[in-house]
Amino acid sequence: MLLQDRIAVVTGSGQGIGRAIALKLASEGAHVMISDVMRETGEATAKDVEALGRKSVFVPCDVANSEEAKNLIEETVKAFGRVDILVNNAGITRDGLAMRMSDADWDLVLAINLKGPFNCSRAAMRPMMKQRSGRIINIASVVGVIGNAGQANYSASKGGLISLTKTLARELASRQITVNAVAPGFIRTRMTDVLDEKVKEALMAQIPLGRLGEADDVANAVLFLASDLAAYLTGQVIHVNGGMAMP
Ligand code: NAP
């Protein structure tokens, strides 16, 4: 077991990549705090974590709301006494060309994808600093590095998240807290299910490994970063993209 009895928090873990991460960490021994805006899916993930023999609590949390983010970490400490691993996974898209993008779509994506991880990290770093240990793992995106037409808000949020990762890594290293990012390429989830077949075919042509990624491909990289195997990595970005970009 790579994470025996560690305490992990995964945001947006009701479905998709966040759910796969929660189950992966639990399968390696972690107890997992599940949080999401949707109670129904969040509670279902928490049940599935418990079915693996670990403890799990669901706490509703909109990561864009700093009070709710603070509450999520407080509830974690109340339930488990510590926070070893924070995975900032919650994220959304509101795509459109920049020329036509509304203020609302810009603001919402930045609030959830960039301010959300800041809110949760700021809340978690206090207990982690006291413990003198911790792992913060941010789920960024390949488009945060290479850009993508139609995703000005999303790519800016993910590029910002990579910069936030590097800054927090520098601020927290002296307390043995590591901060890293995973940048997925195109992963099969609800987020990519909405793309039409032609777009998917065009994407596939750009992926040397010849397939879209699975949520588990991302979860495996998160598991590595959360474990002692990654003790000497901080401020880094692991690209899980089938080779579509090699930055
Ligand atoms: P997803 O299937 O849409 O899951 C996202 C989860 O986050 C959902 O459970 C969603 O809840 C939740 N969520 C949305 N807004 C939230 C908020 N304000 N606070 C807390 N939770 C919230 O998406 P995914 O594909 O698994 O994406 C997970 C992460 O990976 C995101 O950060 C995304 O940007 C990143 N990523 C995905 C891909 C990809 O190809 N899929 C590629 C690169 C990066 P609801 O069910 O209520 O909406």
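The structure displayed is predicted, hence computed values, not measured ones.

How each quantity is defined
- Residues numbered from 1 in each chain as written.
- Predicted model: local features only at pLDDT ≥ 70, side-chain atom pairs only at ≥ 80, totals over all residues.
- Heavy atoms only, no water.
- Helix = DSSP H or I, 4+ residues; strand = E, 2+ residues; numbered from the N terminus.
- Rg over C-alpha atoms; globule rule 2.2 N^0.38 Å.
- Areas by Shrake-Rupley, 256 points an atom, 1.4 Å probe, with all protein chains shown as cover.
- Buried < 20%, exposed > 50% of the residue type's maximum accessible area, 1.4 Å probe, protein only.
- Polar contact = N/O pair within 3.5 Å; in protein donor to acceptor, adjacent residues only side chain to side chain.
- Contact = heavy atoms within 4.5 Å.
- Salt bridge = Lys/Arg side-chain N within 4 Å of Asp/Glu carboxyl O.

> Go over the overall build of the protein, please, and point to the residues and values.
Regarding its fold elements, the protein presents nine helices and seven strands. Taken against the 2.2 N^0.38 rule, which gives 18 Å for 247 residues, the C-alpha radius of gyration of the protein at 17 Å falls within 12% of a compact globule. Dimensions along the principal axes, computed over C-alpha positions, put the protein at roughly 50 × 40 × 35 Å. When the accessible surface of the protein is split by element, carbon and sulfur atoms take 53% of a total near 11,600 Å².

> An account of the side chain of His-31 is needed here, citing residue identities and associated values.
Locating His-31 in the fold gives a position in strand E2 (residues 31-36). Classification of His-31 by relative accessible area gives buried; the value is 9%. Polar side-chain contacts of His-31 include one of 2.8 Å to the side chain of Asp-5. If sequence neighbours within four positions are ignored, His-31 has contacts with Asp-5, Arg-6, Ile-7, Ala-8, Arg-54, Lys-55 and Phe-80.

> Tell me about the side chain of Asn-119, and name the residues and values.
You can see Asn-119 is positioned in helix H4 (residues 103-131). A distance of 3.3 Å separates the side chain of Asn-119 from the backbone oxygen of Ala-64, its partner in a polar contact. Dropping the residues within four chain positions of it, Asn-119 is found in contact with Val-63, Ala-64, Asn-65, Ser-66 and Ala-69.

> Quick rundown of the pattern of salt bridges? Include the residues and the values.
Counted under the stated rule, the structure contains nine salt bridges. Two residues, Glu-197 and Lys-200, come together in a salt bridge whose shortest N-O distance is 3.7 Å. Note that Glu-197 and Lys-200 are positioned in helix H8 (residues 197-205) at a spacing of three residues, about one turn of the helix. The exposed category is assigned to Glu-197, whose relative accessible area is 53%. Accessibility expressed as a relative area gives 14% for Lys-200, which makes it buried.

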